[in-house]
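# Topology and contacts: notes
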Amino acid sequence: MKDMVEELPGLAKVRARFIEMLADRQARIAEHALNAWDGETLEDINGNLEAAKAILHQIAGTAGSLGFAELGSAARECEAEVIAHLEGPDADLAICPGEIVHHMDLFVKQCEETLREAA
């Protein structure tokens, strides 16, 4: 798929822009994960999870079509996990599940790997 993506006219620029934005998005996801983990109020925790979810959604929506299928799938999985928590029975409790933070950390590391490979 990667070879096919690179052959399409103009897509190299779009891929390059995605990679540029990925570094910022990766940092923002890590920050929101830490803020959710350290949050003391429901608003702090769920607000940071919502913000991370929105960024994950952006990555999930574009990564696959640009030749980053694994990254897109990982973003989609993290996003689904956050949604499940925010819509689940513990959504009104001021807690941030460790599994979510752990999976976001793994995703951030996957972003680092993708950035290294694209350099």
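Quick caveat: nothing in here was measured; it's all calculated off a predicted structure. (Residues numbered from 1 in each chain as written. Predicted model: local features only at pLDDT ≥ 70, side-chain atom pairs only at ≥ 80, totals over all residues. Heavy atoms only, no water.)

### Points about the overall build of the protein chain
To keep things clear, this is the line we draw: Only DSSP runs of H or I reaching four residues or more are called helices, and only runs of E reaching two or more are called strands; each is numbered from the N terminus. Only protein chains enter the area calculation, which uses a 1.4 Å probe; residues under 20% of their type maximum are buried, those over 50% are exposed, and those in between are partly exposed. Residue contacts follow a heavy-atom distance rule, with two residues in contact if any of their heavy atoms lie within 4.5 Å. With residues, only the protein chains shown are counted as cover, and all accessible areas are computed by Shrake-Rupley using a 1.4 Å probe. Here Asp and Glu are counted as negative and Lys and Arg as positive; His is not counted, and neither are the chain ends. Throughout, a charge is located at the NZ atom of Lys, the CZ atom of Arg, the CG atom of Asp or the CD atom of Glu.
Helices and strands together make up the secondary structure of the protein chain, namely five helices and zero strands. Starting at the N terminus and walking to the C terminus, you meet the elements of the protein chain as α-α-α-α-α. Oriented by its inertia axes, the alpha-carbon framework of the protein chain measures out at about 50 × 20 × 20 Å. Counting every position in the protein chain, which comprises 119 residues, the buried fraction comes to 39%. Taking contacts inside the protein chain between residues at least 6 apart in sequence as the whole, the part at least 24 apart equals 71%. When the accessible surface of the protein chain is summed, it comes to about 6900 Å², and 54% of that surface belongs to carbon and sulfur atoms. Here the protein chain contributes 10 positive and 23 negative side-chain charges, whose respective centroids are spaced 10 Å apart.

### Describing the environment of alanine 75
On the secondary structure map, alanine 75 appears in helix 4 (residues 69-86). For the pair alanine 75 and glycine 61, spaced 14 residues apart in sequence, the C-alpha to C-alpha distance is 8.9 Å. Once residues within four sequence positions are removed from consideration, alanine 75 is found in contact with Leu56, Ile59, Ala60 and Phe107.

### What about the side chain of histidine 32?
Among the secondary structure elements, histidine 32 is positioned in helix 2 (residues 11-38). Residue class for histidine 32 comes out buried when judged on its relative accessible area of 19%. Look past the residues within four positions of histidine 32 in its chain and what remains in contact with it is Asn48, Ala51, Ala52 and Ile55.

### A word on the confidence of the model for the protein chain
Let me state the cut-off plainly: Think of pLDDT as the predictor's per-residue confidence, scored from 0 to 100.
In this model, the protein chain carries a mean pLDDT of 92, and residues with pLDDT of at least 70 account for 92%. Note on residues 1-5: pLDDT is under 50 here. Beyond four places in sequence and across chains, it has nine contacts.

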